[in-house]
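Secondary and tertiary structure notes
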Amino acid sequence: MSLTDNLHRPLEVELAIPVRTYDIDFAGIVSNIVYIRWLEDLRLKFLNEHLPIETQIAQGYAPILAGTEIEYKRPVKLIDQVIGRLWLSNLGRLKWTVQAEILANNVIAAVATQKGAFVSFQNGRPVPVPDELQQKYSNPI
């Protein structure tokens, strides 16, 4: 799962990520579970920029995760400067896929893929990907 060669990154967002003392495990490196939180932070930034959660809630749906895959390339330590990037790599009628990379000191520390959908609050069933996101993905600026 190497993302470094992927130059086409639709709707990419970037986030400076602080490493907190509570992120560190007994080995002195960032714990694996922290990467899940960082991916959530990146997805929230993505939504804030491209499909605000408030809009989704008002229309009766929200995104859900169906799976996460992470490949750890190198450990991240407390003093590292961390940047996260996330972009929409695939968008179907009902499902979406985002890819992400976490860099520490400008070196890839981890890469991830997450898959999900949007579901109705009313019945919990998948709804079509919103037109607004389909249009942005199909016609990036």
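Residues numbered from 1 in each chain as written. Predicted model: local features only at pLDDT ≥ 70, side-chain atom pairs only at ≥ 80, totals over all residues. Heavy atoms only, no water.

**Observations regarding the overall build of the chain**
- Looking only at helices and strands, one finds 3 helices and 6 strands in the chain.
- Put simply, the chain runs from its N terminus to its C terminus through helices and strands in the order β-α-α-β-β-β-β-β-α.
- Relative to a compact globule of 141 residues, whose C-alpha radius of gyration would be 14 Å, the chain shows 16 Å and is just as compact.
- With the principal axes as the frame, the chain shows a C-alpha extent of 45 × 30 × 20 Å.
- Split into buried and exposed, the 141 residues of the chain put 39% on the buried side.
- Of the roughly 8100 Å² of accessible surface on the chain, 53% is carried by carbon and sulfur atoms.
- Of the side chains in the chain, 14 bear a positive and 15 a negative charge, and the two mean positions are spaced by 3 Å. (Helix = DSSP H or I, 4+ residues; strand = E, 2+ residues; numbered from the N terminus. Rg over C-alpha atoms; globule rule 2.2 N^0.38 Å. Buried < 20%, exposed > 50% of the residue type's maximum accessible area, 1.4 Å probe, protein only. Areas by Shrake-Rupley, 256 points an atom, 1.4 Å probe, with all protein chains shown as cover. Lys, Arg positive; Asp, Glu negative; His and termini not counted. Charge placed at Lys NZ, Arg CZ, Asp CG, Glu CD.)

**Focus: the packing of aromatic side chains**
- Scanning the entire structure with this criterion turns up 3 aromatic pairs.
- Where Tyr 61 meets Phe 118, the ring centres are 5.8 Å apart and the plane angle is 85°; that geometry is what we call edge-to-face. A residue pair is termed long-range when its members are at least 10 positions apart, and Tyr 61 in strand 2 (residues 61-72) and Phe 118 in strand 5 (residues 107-120) qualify at 57 residues.
- Positioned over the ring face of Trp 87 is Arg 9, at 4.0 Å from the centre of the ring. (Phe/Tyr/Trp six-rings, centres within 6.5 Å; stacked < 30°, edge-to-face > 60°. Lys NZ or Arg CZ within 6 Å of the ring centre and 35° of its normal.)

**A closer look at the side chain of Thr 97**
- Locating Thr 97 in the fold gives a position in strand 4 (residues 95-104).
- Ignoring any residue separated from it by four or fewer positions in sequence, one finds Thr 97 in contact with Trp 87, Leu 88, Ser 89, Asn 90, Thr 113, Gln 114 and Lys 115. (Contact = heavy atoms within 4.5 Å.)

**Considerations on the environment of Lys 77**
- One can find Lys 77 in the loop between strand 2 and strand 3 (82-91).
- With 33 residues separating them in the primary sequence, Lys 77 and Ala 110 have C-alpha atoms 13 Å apart.
- Leave out the neighbours within four places in its chain, and Lys 77 touches Val 19, Ile 24, Gly 28 and Ile 29.

**Some thoughts on helix 1 (residues 32-50)**
- Counted at 1.5 Å a residue, the expected span for helix 1 with its 19 residues is 27 Å, and the 28 Å between its end C-alpha atoms agrees.
- Of the positions making up helix 1, those classed as buried are Val 34, Tyr 35, Trp 38, Leu 39, Leu 42, Arg 43, Phe 46, Leu 47 and His 50. (Expected span 1.5 Å × (residues − 1).)

**Things to note about the nonpolar core**
- Membership of the largest hydrophobic core comes to 31 residues, with the highest contact counts inside it found for Trp 38, Phe 46, Val 76, Leu 88, Ile 102, Phe 118 and Leu 133.
- Elements represented by at least two residues in this core include exactly strand 1 (13-17), helix 1, strand 3, strand 4 and strand 5.
- In terms of residues, this core owes the most to one element, helix 1, which gives 7 residues.
- With sequence-adjacent residues up to four places away left out, Ile 102 is seen in contact with Ile 17, Tyr 35, Trp 38, Leu 42, Val 82, Ile 83, Gly 84, Val 107, Ile 108, Ala 109 and Ala 110. (Core = buried A, V, L, I, M, F, W, Y, C linked by side-chain atoms within 4.5 Å.)

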